[in-house]
Amino acid sequence: MKKKMLIISILLMVGGVFGNILFTRLGYFPNADFRIMSIPLAAGAHYFNLGLVLLAMTIVGLVLLPWFLEKKQFSKTVLSLVLIIWLPYAV
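Within each chain, residue numbers correspond to sequence positions counted from 1 in written order. The predicted nature of this model means local features are confined to residues of pLDDT at least 70 and side-chain atom pairs, given and counted, to a pLDDT of 80 or more, with totals for whole chains, interfaces and linings taken over all residues. Excluded from the side-chain calculations are hydrogens and water; all other atoms, namely the structure's heavy atoms, are used.

**What to know about the overall build of the chain**
- Secondary structure assignment for the chain yields three helices and three strands.
- Its helices and strands taken in sequence order, the chain reads α-β-β-β-α-α from the N to the C terminus.
- When its C-alpha atoms are laid out on the principal axes, the chain stretches across 45 × 25 × 20 Å.
- Relative to its full complement of 91 residues, the chain shows a buried share of 34%.
- Contacts are assigned to residue pairs with any non-hydrogen atoms lying within 4.5 Å of each other. When contacts within the chain are restricted to residue pairs at least 6 apart in sequence, those whose partners lie at least 24 apart make up 50%.
- As displayed, the chain has an accessible area near 6000 Å², and 72% of this comes from carbon and sulfur atoms. Only DSSP runs of H or I reaching four residues or more are called helices, and only runs of E reaching two or more are called strands; each is numbered from the N terminus. The cut-offs for exposure are 20% and 50% of the maximum accessible area for each residue type, with area from a 1.4 Å probe on protein chains only; residues under the lower value are buried, those over the upper are exposed, and the others partly exposed. Note that accessible areas follow from Shrake-Rupley with a 1.4 Å probe, and for residues the cover is restricted to the protein chains shown.

**Quick look at helix α1 (residues 2–25)**
- Between the first and last residue of a helix there are one fewer steps than residues, each counted as 1.5 Å, and that sum is the expected span. Helix length check: α1 (24 residues) gives 35 Å between terminal C-alpha atoms against 34 Å at 1.5 Å per residue, within 8%.
- Buried residues of α1: Leu6, Ser9, Met13, Gly16, Val17, Gly19, Asn20 and Ile21, and no others.
- Buried residues in α1 make contact with β2 (39–43), α2 (49–68) and α3 (73–90).
- Downstream of α1 by one or two residues, Gly27 has phi in the positive range, about 85 degrees.

**Some remarks on the UniProt feature "transmembrane region" (unreviewed entry) in the chain**
- UniProt positions are given in the numbering used here, feature names are shortened, and annotations may be inferred rather than shown by experiment. Per the UniProt annotation, the sites labelled "transmembrane region" (unreviewed entry) are residues 43–67.
- Span residues 43–67 is 76% helix and 12% strand, its end C-alpha atoms 35 Å apart.

**Examining the side chain of Ser9**
- You can see Ser9 is positioned in helix α1.
- Once you skip the residues sitting within four places of it in the chain, Ser9 turns out to touch Gly61, Leu64 and Leu65.

**A closer look at the sheet that holds strand β3 (residues 46–47)**
- Only strands that DSSP links by at least two bridges are regarded as paired with each other. The three strands are arranged β1-β2-β3 in an open sheet whose pairing can be described as antiparallel. At either margin of the open sheet sits one strand with a lone partner, and together these are β1 (34–36) and β3.

Right, dumping it as structure tokens:
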């Protein structure tokens, strides 16, 4: 059970990050003004519902990750947080 939940948390984070990259490249987030963890959430007077879904996926995966890691919980969680924030800007 613990291994399955670890895989689910990693898949949620990966889905949120790569979904962000994909939808940004496809133009779903035009002129984004407000971002959390590099995920666009708003532009002008309207919100991006897809951005909220991606943010929720990423945060749930990130919150679940430390509970299901067996070793080096803190360092792996910090590394995944840095990758979540940095990767969309690097691509």
